[in-house]
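# Observations on the three-dimensional arrangement
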Amino acid sequence: MEQLTLTTPALLFSAISLIMLAYTNRFLAYAATIRNLHDKYTEKKDSVLMAQIQNIKKRLYLTRSMQIFGISSLLLCVVTMFLIYIQQNAIAVWVFGLALLLLIASLSLLIIEIQISVKALEHHISDIENNK
């Protein structure tokens, strides 16, 4: 493997920052949806609403895990840069590898969350199509 330099982990900063912004936007959208569903459910205790609440709860927890893995990846990139700075290159390579694995985990959870979101939207679409 070539020498790991400060620029290698630094390249991930902008990518991870954009990913975290997208995750935060998802989280805020879920928070608004949960508040809306809560208000509807307190007015009318409906099993369909409860299913939607369970779905959004699962997606919320996935988003939290995505954020934790993404932040951990960013943190380890910073640790990698510090290790390179103090010339601990062998440890830096392993820490950077772990940062990449955490980023992979975060993105994998995003794929799962998107699939759950699509299924939830498909239920709404089928409801509209069935009521034509």
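Report follows, based on the coordinates.

Within the chain one finds 3 helices and 0 strands. When the helices and strands of the chain are placed in sequence order, the string is α-α-α. Here the chain has a C-alpha radius of gyration of 20 Å; the compact-globule value for 132 residues is 14 Å, and the former is much larger. Overall, the C-alpha framework of the chain stretches about 65 × 25 × 20 Å when taken along its three principal axes.

On to the packing of helix α1 (residues 7-43) against helix α2 (residues 47-85), then. As a packed pair, α1 and α2 sit with axes 9 Å apart at the nearest point and diverge in direction by 160 degrees. Considering their axes alone, α1 and α2 lie roughly antiparallel with respect to each other. For α1 against α2, the interelement crossing comes out left-handed.

Checked against the element boundaries, threonine 63 lands in helix α2. Setting aside its immediate chain neighbours within four residues, threonine 63 contacts Tyr23, Arg26, Phe27, Tyr30 and Glu113.

Time to look at the nonpolar core. The biggest cluster of nonpolar side chains holds 21 residues, and the ones touching the most others in it are Leu12, Ile16, Tyr23 and Cys77. Secondary structure elements with two or more residues in this core: α1, α2 and α3 (89-130). When residues of this core are assigned to their parent elements, the largest contribution, 9 residues, is made by α3. Those residues within four positions of isoleucine 16 in sequence are excluded, and the remaining contacts are Gly70, Ser73, Leu74, Cys77 and Leu103. Among the nonpolar cores identified, the runner-up in size contains 5 residues, and Tyr30, Leu37, Leu49 and Leu60 belong to it.

Procedures and definitions
- Residues numbered from 1 in each chain as written.
- Predicted model: local features only at pLDDT ≥ 70, side-chain atom pairs only at ≥ 80, totals over all residues.
- Heavy atoms only, no water.
- Helix = DSSP H or I, 4+ residues; strand = E, 2+ residues; numbered from the N terminus.
- Rg over C-alpha atoms; globule rule 2.2 N^0.38 Å.
- Axes fitted to C-alpha atoms, helices over the stretch in contact; angles between N-to-C directions.
- Parallel < 35°, antiparallel > 145°, perpendicular 65-115°, else oblique.
- Left-handed = near helix turned anticlockwise from the far one by under 90°.
- Contact = heavy atoms within 4.5 Å.
- Core = buried A, V, L, I, M, F, W, Y, C linked by side-chain atoms within 4.5 Å.
- Buried < 20%, exposed > 50% of the residue type's maximum accessible area, 1.4 Å probe, protein only.

Function-wise, these values are silent; they only describe arrangement.
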